[in-house]
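# Examination of the molecular architecture
Residue-level listing of the chains:
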Amino acid sequence: MEGTKPVNKKLAAALSGGAVLVLALSGCGGDDNEKLDSWAKQVCDAVQPQAKKIESANAAIQKETSDNSTPKDVQKTDAKAFQDMSDAYKAIGSAVSKAGAPDVENGEKKQQDAVKELNSISASYADLKKQVDDLDTKDQGKFADGLKDIATELDKLSQSGNDALRNLEEGEVGQAMARQSSCKAATGSAGATQS
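This report concerns the structure included in the present document. Here, residues in each chain are numbered from 1, in the same order as that chain's written sequence. Thresholds applied to this predicted model are a pLDDT of at least 70 for local features of residues and 80 or more for the giving and counting of side-chain atom pairs; totals over whole chains, interfaces and linings are not thresholded and use all residues. Side-chain measures here rest on the full set of heavy atoms in the structure, leaving out hydrogens and waters.

### Digging into the overall build of the protein
A count of helices and strands for the protein gives eight helices and zero strands. Strands here are runs of E lasting at least two residues and helices are runs of H or I lasting at least four, both read from the DSSP assignment and numbered beginning at the N terminus. Along its sequence from the N terminus, the protein presents helices and strands in the succession α-α-α-α-α-α-α-α. Looking at the 195 residues of the protein, the share that counts as buried comes to 47%. We call two residues contacting when some pair of their heavy atoms lies within 4.5 Å. Once local pairs closer than 6 in sequence are excluded, the contacts in the protein between residues at least 24 apart make up 87%. To measure how exposed things are, a 1.4 Å probe is used in the Shrake-Rupley method; for residues, cover is taken only from the protein chains shown. Counting every atom, the protein has about 9,400 Å² of accessible surface; 49% of that belongs to carbon and sulfur. Only protein chains enter the area calculation, which uses a 1.4 Å probe; residues under 20% of their type maximum are buried, those over 50% are exposed, and those in between are partly exposed.

As structure tokens, then:
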């Protein structure tokens, strides 16, 4: 099944670049702020299992690209991975929403922007799942072309839409999150997938 392999490799590369958007946590240390620490703990504890889910979905696609898989197998794996990612980003959005605004300047705006962005990323992955489901697995050429389009979209997704999250996680919020062991665990494993 050589035809789909290079394309699926491209898919995997695009995916590993953008999969763990939410975990680009900034520095560590900084002053303790109890209210902010408790907010960060709530978010980090909720993010950790979702980060693992995203990482597993990423690993499944990576594995599928290294096996000599049929288009049907690739379709099944990719569709499940995209669905898992969509669910994970939605759950992270809910967690940030439930945690309320962090106790920092413009906290409410930062929180709302991040939730909007997470929900939008979730919707984009749901859309990619639909695209994968619709691919023609009987025609190798069409299937490879379809995967190429999906890889391009994935690439765009991994490059865009990170700003509100970065904005949420800068300064004191990032420092508070970096102090949480659950966020450290999540970023540690996320870093490993991107090397």
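### Quick look at the state of the cysteines
By convention in this document, the label disulfide applies to cysteine sulfur atom pairs within 2.5 Å. Throughout the structure, instances matching the rule amount to one disulfide. At a sulfur-sulfur separation of 1.9 Å, the disulfide partner of Cys44 is Cys183. Here Cys44 and Cys183 share a disulfide; its torsion about the S-S bond, -90 degrees, makes the bridge left-handed. Here Cys44 is found in helix 2 (residues 34–66), whereas its partner Cys183 is found in helix 8 (residues 181–193), with 139 residues between them in sequence.

### A word on the environment of Asp134
Within the fold, Asp134 resides in the loop between helix 4 (107–133) and helix 5 (140–159). A residue is classified by how much of its surface remains accessible, and Asp134, at 57% relative accessible area, is exposed. Sequence separation of Asp134 and Ala79 is 55 residues, and the distance between their C-alpha atoms is 10.0 Å.

### Points about the packing of helix 3 (residues 71–99) against helix 4
In helix packing, the relevant descriptors are the interaxial angle and the interaxial distance, both defined with respect to the helix axes. Contact geometry of helix 3 with helix 4 gives a least axis separation of 8 Å together with a crossing angle of 165 degrees. Comparing their axes, helix 4 and helix 3 come out roughly antiparallel. Note that helix 3 runs across helix 4; the crossing there is left-handed. Throughout this entry, Asp, Glu, Lys and Arg are counted as charged residues, while Ala, Val, Leu, Ile, Met, Phe, Trp, Tyr, Cys and Pro are counted as nonpolar. The remaining residues, Gly among them, count as polar. Among the residues forming the contact of helix 3 with helix 4, the class breakdown is 13 nonpolar, eight polar and four charged. Whenever a helix is involved, its axis is fitted only over the stretch in contact; in every case the axis is a line through C-alpha atoms, and angles between N-to-C directions fall within 0 to 180 degrees. Throughout this description, any angle smaller than 35 degrees is read as roughly parallel, any larger than 145 degrees as roughly antiparallel, any in the 65 to 115 degree range as roughly perpendicular, and the remainder as oblique. Crossing handedness: left-handed means the near helix sits turned counterclockwise from the far one by under a right angle, and right-handed means the same turn made clockwise.

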